[in-house]
Amino acid sequence: MPRVVAVMGGKGGVGKTFIALNTARILGEEGRTLLIDADVDNPCATHFLRTELVWRESVESFVPVIDRSRCIECLNCVNQCPEKALFHVPSKGVNLIPDLCNGCGVCKIVCPVNAVAEGRKVEGWIEFYKGTALDLLVGKLEVGSRREAFVIEKLISRASRMWSDYSYVVIDSPPGTSAKLYPIARFSDSIALVTEPTPLGLSDLVKAMNLVEKVRGGSRVVIVVNKSGLNREVEQRILEIARSRGLRVFTIPYRDTVPRSVAGKRIYVDIFNDDISQTLRELARELCKP
Amino acid sequence: MGVDGDAEAPDLVLACGGERRALREERFAELRIATIDRGRCTKCLRCIDVCAFDAIARGSDGYPLVDEYLCEGCGACALVCPAKCVSLEPRLSGIVKLVETGLGLKIVSSEITAGSRATGHVVHKARELAKEMNPEMIVVDSAAGIGCAVISSIVGVDLLIVVVEPLPPSIAGARRMIELGKRMGLRMVAVVNKHDLNEEASRRVGDELGIEVVGYVPYDPTVIESYAHLQPVLHYDPNSRASKTLLEIFTTLVG
């Protein structure tokens, strides 16, 4: 089985993708590596890697299709739909608002005359790209779907069926602290929590730490302070919190070479060989320690 | 009045001076989690088959185990259980709070319980509370992306301001945002942030996105400095380049 590394952090824009791309690139030099772009709202890893699309699968969920010829308009389904996605119009029968349906299937269970047939709705896509140094699995939410947690869950479970071919798996997580991060945290052997030394970064880091502590199964956790130097006082507090929880901290200074590498669609360790590259390498080593 | 629509990582109160006092607080426990009474369970495991979310698995002792992070609380398991041993228990899903900040601004913040799936719900509640206060204008700060929290943040707004950087990943994200906004029938304009990162790409943003660009904010270190001082940049340094541009944009939009 591969070593599974997740790059997480509550706040958006702190540099998760930057850390994930570089970690994956560095580990790709050691063994076969799969990068998973789980930021399904707006996946962007393909912008930084030269890869070729190999396959694409849809992520679908159940939606009810009401068979009007059988329906007796008892309205059990309408009354028991937990998402209130079904409604009844006297002349037109039972109708569905697809965007509200979460595919639970309660309507099918409570229908006494078997008038609820199985329909499918696309919630997102999984795409597999092959690269020279690194393969990429991307999850993409269908525009209009509210079910990013479902798409992420299917993405990670699809990935787990193919990752025995790899030595390393790196997961780039979306921002946030909700249940959508659970499948990522649960499958990971080690987790890098990325933050920035601002009061906002600190507040979201604590939330992300609490989430990870609640769900992780004994994985290694490290903190990455990106944009270091912005605010010494807040940075000191982050270091203290990390120390009190026994977590190792990696620090990346606030320097324009980082946004320049991102703006140029390049991976940092490919174009720079400095103290930041050194830290990124040390971080990758720490994350894949057994 | 401001509403923080980023319930998973709420920062708007912090960015506007921090909390001086809470004027109102509401807790929500609307979501439910299936709970199995082992005393009555016959281990028939029909609940596992019917669960659309793979939230129930067979434990090593043969009893079904509910995964609280995957359970959507729909109750399908309770409906099929012949022993009637499944109950749906409420869980704290989040907090909505009306706050006066250190700068005297009124903001409704929303915050989910870590690991909850109630993001959209809680954002919706925050907007309802703001509406109840009947302010002249409500500004919702949405989360990133196009998912559940964002949909709840933007549904029914009079104007959607799409903030975009002149970089390919951001432009790709803005395109998806605009596709969503169109589906929802919203009026949209764009603001290009950090336009000087790539002047040429910035000039093309309007054409590429197909919506009007109402302003170009320069990359200005004062912005991130202002966060570090818990102040909006307009307050922290009204003479900064970013502040001047922002004022112009708001004047154009609000008149």
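Thresholds, definitions, all that
Residues numbered from 1 in each chain as written. Chains lettered and ligands numbered in written order. Predicted model: local features only at pLDDT ≥ 70, side-chain atom pairs only at ≥ 80, totals over all residues. Helix = DSSP H or I, 4+ residues; strand = E, 2+ residues; numbered from the N terminus. Buried ≥ 20, exposed ≤ 12 C-beta atoms within 10 Å, placed from the backbone. Contact = placed C-beta atoms within 7 Å. Pairing = 2+ DSSP bridges. Axes fitted to C-alpha atoms, helices over the stretch in contact; angles between N-to-C directions. Domains from an automatic or database assignment. Parallel < 35°, antiparallel > 145°, perpendicular 65-115°, else oblique. Left-handed = near helix turned anticlockwise from the far one by under 90°. Right-handed = clockwise from strand over helix to strand, strands pointing away. Arc of directions from axis to C-beta. Core = buried A, V, L, I, M, F, W, Y, C linked by C-beta atoms within 7 Å. Nonpolar A, V, L, I, M, F, W, Y, C, P; charged D, E, K, R; others polar.

What about the overall build of chain B?
Along its length, chain B carries ten helices and twelve strands. C-alpha atoms of chain B, sized along the principal axes, occupy 70 × 40 × 30 Å. Looking at chain B as a whole, 44% of its 255 residues qualify as buried. For chain B, restricting intrachain contacts to residue pairs at least 6 apart in sequence, the fraction spanning at least 24 positions comes to 64%.

Thoughts on the sheet that holds strand 12 (residues 213-217) of chain B
Residue and element names in this part refer to chain B. Across the sheet, which stays open at both edges, the three strands sit in the order 10-11-12 with parallel pairing between neighbours. Both edges of this open sheet fall to strand 10 (160-164) and strand 12, since each of them pairs with a single strand only. Pairs of neighbouring strands in the sheet enclose a mean axial angle of 20°, with direction left out of account. Docked against the sheet, helix 6 (residues 168-183) engages strand 10 and strand 11 (188-193), running at close to 165° with respect to strand 10.

Some words on the domain arrangement of chain A
As assigned here, chain A comprises domain 1 (3-50 + 132-287) and domain 2 (62-122). A straight line from the C-alpha centre of domain 1 of chain A to that of domain 2 of chain A covers 41 Å.

Observations regarding the domain arrangement of chain B
What the domain assignment reports for chain B is domain 1 (1-29 + 93-143) and domain 2 (32-90). Here the C-alpha centroids of domain 1 of chain B and domain 2 of chain B sit 34 Å apart.

Considerations on the packing of helix 6 (residues 199-215) of chain A against helix 7 (residues 232-244) of chain A
Residues and elements named next belong to chain A. The contact between helix 6 and helix 7 brings their axes to 9 Å, and the two run at 15°. By the angle class used here, helix 6 and helix 7 are roughly parallel. In terms of crossing hand, the pair formed by helix 6 and helix 7 is left-handed. Contacts between helix 6 and helix 7 involve Pro199, Leu202 and Leu205 from the former and Val234, Arg237 and Ile238 from the latter.

Side note on the pairing of strand 11 (residues 248-253) of chain A
Residue and element names in this part refer to chain A. For strand 10 (residues 220-228) and strand 11, the ladder comprises five bridges, and the chain directions are parallel. Within strand 11, the position partnered with Val222 by the bridge is Arg248. As a crossover connection, the stretch from strand 10 through helix 7 into strand 11 is right-handed.

Some words on the sheet that holds strand 10 of chain A
Through backbone hydrogen bonds, the strands of a sheet pair up, either in parallel or in antiparallel fashion. All names here are of chain A. Judged by pairing direction, the sheet is mixed, and its nine strands sit side by side in the order 3-6-7-2-8-1-9-10-11 without closing on themselves. This sheet does not close on itself; its edge strands, each paired only once, are strand 3 (51-66) and strand 11. Each adjacent strand pair in this sheet contributes to an overall mean axis angle of 20°, direction not counted. Note that strand 1 (residues 3-8) and strand 8 (residues 168-172) share five bridges and pair parallel. Looking at the pairing, Arg3 lines up with Tyr168 of strand 8. Contacting strand 1, strand 2 (33-37), strand 8, strand 9 (190-195) and strand 10, helix 1 (residues 16-28) runs over the sheet at an angle of about 170° to strand 8. Together, strand 9, strand 10 and strand 11 form the strand contacts of helix 7, whose direction differs from that of strand 10 by roughly 175°.

Focus on helix 8 (residues 221-228) of chain B
Along helix 8 of chain B, the residues classified as buried are B:Val223, B:Ser226 and B:Tyr227. All buried residues of helix 8 of chain B lie within an arc of 105° about the axis, which places them on one face of the element. Where helix 8 of chain B is buried, its residues meet helix 6 of chain A together with helix 1 (12-15), helix 9 (233-236) and helix 10 (241-254) of chain B. Positive phi appears at B:Leu230, one or two residues downstream of helix 8 of chain B, with a value of about 60°.

Considering the nonpolar core
In terms of nonpolar packing, the biggest core is built from 155 residues, with A:Val169, A:Val170, A:Leu193 and B:Cys77 touching the most fellow members. Those residues in contact with A:Val170 that lie beyond four places of it in its chain are A:Val5, A:Val7, A:Ala20, A:Thr23, A:Ala24, A:Leu27, A:Thr33 and A:Leu35.

Things to note about the interface of chain A and chain B
The interface of chain A with chain B comprises 44 residues on the first partner and 43 residues on the second. Counting only elements with at least two residues in the side of chain A that touches chain B, the list comes to helix 3 (106-110), helix 4 (148-160) and helix 6 of chain A. Here the side of chain A that touches chain B takes nine residues from helix 6 of chain A, the largest share from any one element. In terms of residue class, the side of chain A that touches chain B is built from 21 nonpolar, 15 polar and eight charged.

Details of the environment of A:Val7
Residue and element names in this part refer to chain A. Topologically, Val7 is positioned in strand 1. Measuring from C-alpha to C-alpha, the distance between Val7 and Leu75 comes to 46 Å, with 68 residues separating the pair along the chain. For Val7, the residues in contact, after removing those within four places along its chain, are Lys16, Ile19, Ala20, Thr23, Val170, Ile171, Asp172, Ser173, Ala192 and Val194.

Some remarks on unusual backbone geometry
Backbone phi values are negative for most residues with the exception of glycine, while trans is the configuration of most peptide bonds. Positioned with a positive phi, B:Lys43 is a non-glycine residue whose angle comes to about 60°. Along the polypeptide, B:Lys43 turns up in the loop between strand 3 (32-36) and helix 2 (46-50).

What to know about the pairing of strand 11 of chain B
In the case of a regular strand, side chains alternate between the two sheet surfaces. Residues and elements named next belong to chain B. Summarising the sheet, strand 10 and strand 11 pair through five bridges and their orientation is parallel. Bridge pairing in strand 11 links Leu160 to Met188. For the handedness criterion, the β-α-β arrangement of strand 10, helix 6 and strand 11 is classed as right-handed. Bridge count for strand 11 against strand 12 is four bridges, and the pairing is parallel. Opposite Ala190, over in strand 12, you have Val213 as the bridge partner. With helix 7 (residues 199-209) bridging strand 11 and its parallel neighbour strand 12, the resulting β-α-β unit is right-handed.

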